[in-house]
Amino acid sequence: MVQVVESDCDEDLLFNIPFTGNIKLKGIIVIGGEDGTHPSLMKLYKNRPHMTFDDAAITPEQEFEMQPDYEGVLEYATKPVKFSSTTHLTVYFPRNFGAKTTKVYYMGFRGEFTKAHRHEVTICSYESRANPADHKVDSAKQLNYDINGQ
C-alpha cells in the first residue's frame, strides 16, 4: 500500500512539522506525484508553529524551484545558517506542474540534531522598592562606619 498526501481542492499543500529537539537543516528530498501533480515550488519557514495558508504570504526563509523527482535522487540544499536551531519547520508547496491537485509521497530531511534544552518555569518575586520590614537585621551585628572606614 502506497501512502500519499494530496491537496484537496487546489494546488496548495502545507506541512507543519514539529521536531523534538533543535535541528540544523542542511537538505530536503521530496518525492512528488506523477502527471503534473509533483510540486514545482517549495517555500520553507522556520519556527512558525500553527502556520496556515493565510500566513504563507510572508517572506519564507528559503524557496526552491523544483524538478520532478519520482525516486528521491534530488536533494535541495538549504542554507544551514538560516536553519540552525530549528524546532519547527513549515513546508509550503504553492504550485505544481499543471495538475489540479498536488501529491507528495515522501519528504526526507538531512541535518544535525541536538537535544532541546527546555527551561523549567521559575517563580520569583521582584521588588521595585525594598521594604525594610522584610529585611530585619540583628542590631548586635549591625556595624556603622564613617567615611574613613573607622
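Relevant structure appears above.
A few points on the structure.

Thresholds, definitions, all that
- Along each chain, the written sequence defines residue order, and numbers are assigned to residues from 1.
- Local features in this predicted model are restricted to residues of pLDDT 70 or higher, and side-chain atom pairs are both shown and tallied only at a pLDDT of 80 or more, whereas totals for entire chains, interfaces and linings draw on every residue.
- As a rule here, side-chain values cover all heavy atoms of the structure and leave hydrogens and water aside.
- A run of DSSP states H or I qualifies as a helix once it reaches four residues; a run of E qualifies as a strand once it reaches two. Both are numbered from the N-terminal end.
- Here's how the labels work: a residue is buried when its accessible area is under 20% of the maximum for its type, exposed when over 50%, partly exposed in between, all with a 1.4 Å probe on protein chains only.
- Whether two residues are in contact is decided by their heavy atoms, any of which lying within 4.5 Å being enough.
- Shrake-Rupley sampling with a 1.4 Å probe provides the accessible areas, and residues are treated as covered by the protein chains on show and by no other component.
- Salt bridge, as applied in this entry: a Lys or Arg side-chain nitrogen positioned within 4 Å of an Asp or Glu carboxyl oxygen.
- What makes a nonpolar core is a set of buried Ala, Val, Leu, Ile, Met, Phe, Trp, Tyr and Cys residues whose side-chain atoms join them at distances within 4.5 Å.
- Working definition: a ring pair exists when centres of Phe, Tyr or Trp rings (six-membered ring for Trp) sit within 6.5 Å. Plane angles under 30 degrees give stacked, over 60 give edge-to-face, the rest tilted.

With respect to the overall build of the protein
From N to C terminus, the protein includes zero helices and seven strands. Along the protein, from the amino end to the carboxyl end, the secondary structure elements read β-β-β-β-β-β-β. Counting all 150 residues of the protein, 35% fall into the buried class. Sequence-distant contacts in the protein: of pairs separated by 6 or more residues, those separated by 24 or more amount to 80%. Of the roughly 10,500 Å² that the protein leaves accessible, carbon and sulfur atoms contribute 51%.

As for the pattern of salt bridges
Taken as a whole and judged by the stated rule, the model has four salt bridges. Of the charged contacts in the structure, one is a salt bridge between Lys 103 and Glu 34, with a shortest N-O distance of 3.5 Å. In this pair, Lys 103 sits in strand 7 (residues 103–115) while Glu 34 sits in the loop between strand 2 (13–32) and strand 3 (39–46), placing the two residues 69 residues apart along the sequence. Between Arg 110 and Glu 75 there is a salt bridge whose closest N-O contact spans 2.6 Å. Here Arg 110 is found in strand 7, whereas its partner Glu 75 is found in the loop between strand 4 (62–65) and strand 5 (76–77), with 35 residues between them in sequence.

So, the nonpolar core
Counting residues in hydrophobic clusters, the biggest one holds 19 residues, and the most contacted among them are Met 42, Val 91 and Phe 93. At the level of elements, strand 2, strand 3, strand 6 (86–96) and strand 7 are the ones that each hand at least two residues to this core. Ranked by residue count, the leading element in this core is strand 2, at eight residues. Within the second largest apolar cluster, five residues are counted, among which are Leu 14, Met 51, Ala 56 and Tyr 92.

Section: the packing of aromatic side chains
For the structure shown, the criterion picks out four aromatic pairs. Pairing Phe 15 with Phe 93 gives two aromatic rings, centres 6.1 Å apart and planes at 85°, and the pair type is edge-to-face. You can see Phe 15 sitting in strand 2 and its partner Phe 93 sitting in strand 6, a full 78 residues away along the chain. Note on Phe 15: relative accessible area 17%, which makes it buried. By relative accessible area, which is 0% here, Phe 93 ends up buried. Ring geometry for Phe 64 against Tyr 76: centres 5.6 Å apart, planes inclined by 55°, an arrangement best described as tilted. Here Phe 64, found in strand 4, pairs with Tyr 76, found in strand 5; they are 12 residues apart in sequence, far enough to count as distant. Judged by its relative accessible area of 10%, Phe 64 is buried.

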